[in-house]
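What follows is the residue order along each chain.
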Amino acid sequence: MRFLTFILILFFTQNLFAIEQDQLISKVDLDFLFDNNASKWNQSVVFFDKKQSMSKVNNDDEIYSLKSKFKNGSVTIKPYFNKNNVIKIDLKYEFENYDPNINNLIFKHYTKLENIYCTNILNKISIIIIEINKCD
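Bear in mind the structure is a predicted one, so any value in this text is a computation, not a measurement. (Residues numbered from 1 in each chain as written. Predicted model: local features only at pLDDT ≥ 70, side-chain atom pairs only at ≥ 80, totals over all residues. Heavy atoms only, no water.)

Chemist: Quick rundown of the packing of aromatic side chains? Include the residues and the values.
Modeler: For the structure on display, the rule yields four aromatic pairs. Centroid distance F34 to Y117: 5.2 Å. Interplanar angle 20°. Geometry classified as stacked. In this pair, F34 is assigned in helix α2 (residues 27-34) and Y117 in strand β5 (residues 117-123), connecting sequence segments 83 residues apart. Considered together, F34 and Y117 belong to a single accessibility category, that of buried residues. (Phe/Tyr/Trp six-rings, centres within 6.5 Å; stacked < 30°, edge-to-face > 60°. Helix = DSSP H or I, 4+ residues; strand = E, 2+ residues; numbered from the N terminus. Buried < 20%, exposed > 50% of the residue type's maximum accessible area, 1.4 Å probe, protein only.)

Right, here's the structure in full:
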């Protein structure tokens, strides 16, 4: 139930607004995501697939991705598991229109997490991919 509450907060039912700082995944959100197991993650994604602004993405493996749409594009969350523990989370932001302010906001937000989580950011202007790992 806590996970469902987290997702509802993270992705509003009609999340069609532009991205703002408080809508990006925080350290607390990441802590919670890393505490999931594959079964709990997939069950939650199947539940949220019924919402208009969210959809389940199947990447030819047993773990679903969750895609949430917003005004200027979408974000896809994909966890990777090893022995039923999350080892990495990929966030893929895709934008319909390039906005340097949004790109800078995302870049600054996720680089601030580097003391807690190891991040690798790939910026392709209209697509930003963020790989997040727990640092050793």
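Let's pick the thread back up.
Chemist: Explain the pattern of salt bridges to me, using residue names and the numbers behind them.
Modeler: Within the structure shown, the criterion is met by two salt bridges. A salt bridge links D31 to K27, with the nearest nitrogen and oxygen atoms 2.4 Å apart. With a gap of four residues between them, D31 and K27 both fall in helix α2, about one helical turn apart. What makes K27 partly exposed here is its relative accessible area of 34%. In this structure, the salt-bridge partner of K88 is D90, at a minimum N-O distance of 3.9 Å. (Salt bridge = Lys/Arg side-chain N within 4 Å of Asp/Glu carboxyl O.)

Chemist: Give me the lowdown on the pairing of β5, citing residues and values where you can.
Modeler: Successive side chains on a regular strand alternate, one facing one side of the sheet and the next facing the other. Alignment of β5 against strand β6 (residues 127-134), held across seven bridges, turns out to be antiparallel. Looking across to β6, one finds that N120 is bridged to E131. Linking two consecutive strands that pair antiparallel, namely β5 and β6, is a turn of three residues; a positive phi of about 65° is found at I125 within it. (Pairing = 2+ DSSP bridges.)

Chemist: Just give me the short version of the environment of E62, but keep the residues and values in it.
Modeler: With respect to the helices, strands and loops of the structure, E62 is situated in the loop between β1 (54-58) and β2 (64-70). With 23 residues separating them along the chain, E62 and S39 place their C-alpha atoms 9.6 Å apart.

Chemist: Explain the pairing of strand β3 (residues 73-82) to me, using residue names and the numbers behind them.
Modeler: Of all 10 residues in β3, seven are buried; the element is thus mostly enclosed. The pairing of β2 with β3 spans five bridges and is antiparallel. Bridged to K69 within β3 is S74. The antiparallel pairing of β2 with β3 creates a hairpin that spans two residues between the two strands. In the sheet, β3 pairs with strand β4 (residues 85-95) via 10 bridges, with the strands oriented antiparallel. Following the sheet pairing, P79 is matched in β4 by I89. The loop that links β3 with its antiparallel partner β4 comprises two residues; one of these, K83, has a positive phi angle of about 55°.

Chemist: Please set out the nonpolar core residue by residue, giving values where relevant.
Modeler: The biggest cluster of nonpolar side chains holds 29 residues, and the ones touching the most others in it are L30, L91, Y93, I106 and Y110. For this core, the secondary structure elements donating two or more residues are α2, α3 (38-48), β2, β3, β4, α4 (100-111) and β6. No other element matches the five residues that β4 contributes to this core. Ignoring sequence-local partners within four residues, the contact set of Y110 consists of L24, I25, L91, Y93, T119, I121, I130 and I132. (Core = buried A, V, L, I, M, F, W, Y, C linked by side-chain atoms within 4.5 Å. Contact = heavy atoms within 4.5 Å.)

Treat this as a map of the structure, not an account of what it does.
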